[in-house]
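Listed below, chain by chain, are the residues.
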Amino acid sequence: MTTIRRFCCNDLLSFASVNLDHLTETFNMSFYMTYLARWPDYFHVAEGPGNRIMGYIMGKVEGQGESWHGHVTAVTVAPEYRRQQLAKKLMNLLEDISDKIDKAYFVDLFVRASNTPAIKMYEKLGYVIYRRVLRYYSGEEDGLDMRKALSRDVQKKSIIPLKRPITPDELEYD
């Protein structure tokens, strides 16, 4: 049986195996602790029997005005637990928090342009490619900024794709 629960400090000591996938970004401990302290509602784990971490999602809420949005910083599932809808469940949880609690206009995420399986999964979840960010990953690989409009964005303005790629220095950060 799988339980989805909030991430806690002790999880930092037992989730490393989930990050072994070469497409998963791994951050330093202080980065994870900052997210845990500032956006605890956006940080969850999927836990299996024996308290084994199967996957996690980490995100935040940011922006102003019609740019107020939920952001998926990382979502990953250990290879042995894939194809069980865990990423979908974790994504749905973050979307619900963004939509119902924080009243965001959309949820966004960045994905490597070469990560076709993830792109297809996000598209199945209703995400569209909003824009390409040139050399987003380590100055080498392009990233795709994908978005999904939430109920507050009635006219779906947040997901109208940009016509040209941008560079990382053109991204707006909060």
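Residues numbered from 1 in each chain as written. Predicted model: local features only at pLDDT ≥ 70, side-chain atom pairs only at ≥ 80, totals over all residues. Heavy atoms only, no water.

This part takes up the overall build of the protein chain. Per the secondary structure count, the protein chain includes three helices and seven strands. Helices and strands in the protein chain line up, N terminus first, as β-α-β-β-β-α-β-α-β-β. The C-alpha atoms of the protein chain give a radius of gyration of 16 Å, which matches the 16 Å a tight globule of 174 residues would have. Every one of the 174 residues in the protein chain was classed for burial, and the buried ones make up 47%. (Helix = DSSP H or I, 4+ residues; strand = E, 2+ residues; numbered from the N terminus. Rg over C-alpha atoms; globule rule 2.2 N^0.38 Å. Buried < 20%, exposed > 50% of the residue type's maximum accessible area, 1.4 Å probe, protein only.)

The next subject is unusual backbone geometry. The phi dihedral of Arg-83 falls on the positive side, at around 65°, and the residue is not glycine. Among the secondary structure elements, Arg-83 is positioned in the loop between strand E4 (69-77) and helix H2 (86-101). The backbone phi angle of Lys-156 is positive, close to 55°, even though this residue is not glycine. Its location among the elements puts Lys-156 in the segment after strand E7 (141-149).

Moving on, we come to the UniProt feature "domain: N-acetyltransferase" (unreviewed entry) in the protein chain. With numbering matched to this structure, UniProt assigns "domain: N-acetyltransferase" (unreviewed entry) to residues 2-151. End-to-end, the C-alpha atoms of residues 2-151 are 29 Å apart, and along that stretch the chain is 23% helix and 37% strand. (UniProt positions renumbered as here; feature names shortened; annotations may be inferred.)

This next bit is on helix H3 (residues 116-124). For H3, the full list of buried residues reads Ala-118, Ile-119 and Tyr-122. Buried residues in H3, looked at end-on, bunch into an arc of 100°, giving them a common side. The exposed set on the far side of H3, more than 90 degrees from its buried face, consists of Pro-117, Lys-120 and Lys-124. Residues of H3 that are buried sit in contact with E4, H2, strand E5 (106-112) and E7. Positive backbone phi, approximately 100°, marks Gly-126, located one or two places after H3. (Arc of directions from axis to C-beta. Contact = heavy atoms within 4.5 Å.)

Checked against the element boundaries, Asp-142 lands in strand E7. Here the side chain of Asp-142 touches Arg-132 through a polar contact of 2.9 Å, side chain to side chain. In terms of polar contacts, Asp-142 uses its side chain to reach the backbone amide nitrogen of Arg-135, at 2.8 Å. Setting aside its immediate chain neighbours within four residues, Asp-142 contacts Val-111, Arg-112, Ala-113, Arg-132, Val-133, Leu-134, Arg-135, Tyr-136 and Tyr-137. (Polar contact = N/O pair within 3.5 Å; in protein donor to acceptor, adjacent residues only side chain to side chain.)

Turning to the environment of Arg-52, a few remarks are in order. Secondary-structure assignment places Arg-52 in strand E3 (residues 52-62). Separated by 41 residues in the primary sequence, Arg-52 and Asp-11 have C-alpha atoms spaced 9.8 Å apart. Residues contacting Arg-52, with those up to four places away along its chain left out, are Ala-46, Glu-47, Glu-80 and Tyr-81. Within the structure, the side chain of Arg-52 is placed 2.6 Å from the side chain of Glu-80, a separation counted as a polar contact.

Bringing the side chain of Lys-60 into the picture now. Mapped onto the elements, Lys-60 comes out in strand E3. Residue Lys-60 is classed as buried on the basis of its relative accessible area of 15%. In this structure the side chain of Lys-60 is engaged in a polar contact, spanning 3.4 Å, whose partner is the side chain of Glu-62. If we skip the residues at most four places from it in the chain, Lys-60 touches Tyr-35, Trp-39, Tyr-42, His-69, Gly-70, His-71 and Thr-73.

Membership of the largest hydrophobic core comes to 42 residues, with the highest contact counts inside it found for Tyr-56, Met-91 and Tyr-122. Counting residues per element, the ones that place at least two in this core are helix H1 (29-38), strand E2 (43-48), E3, E4, H2, E5, H3 and E7. Grouped together as the second largest cluster of nonpolar side chains are five residues, Phe-110, Val-133, Tyr-137 and Ile-166 included. (Core = buried A, V, L, I, M, F, W, Y, C linked by side-chain atoms within 4.5 Å.)

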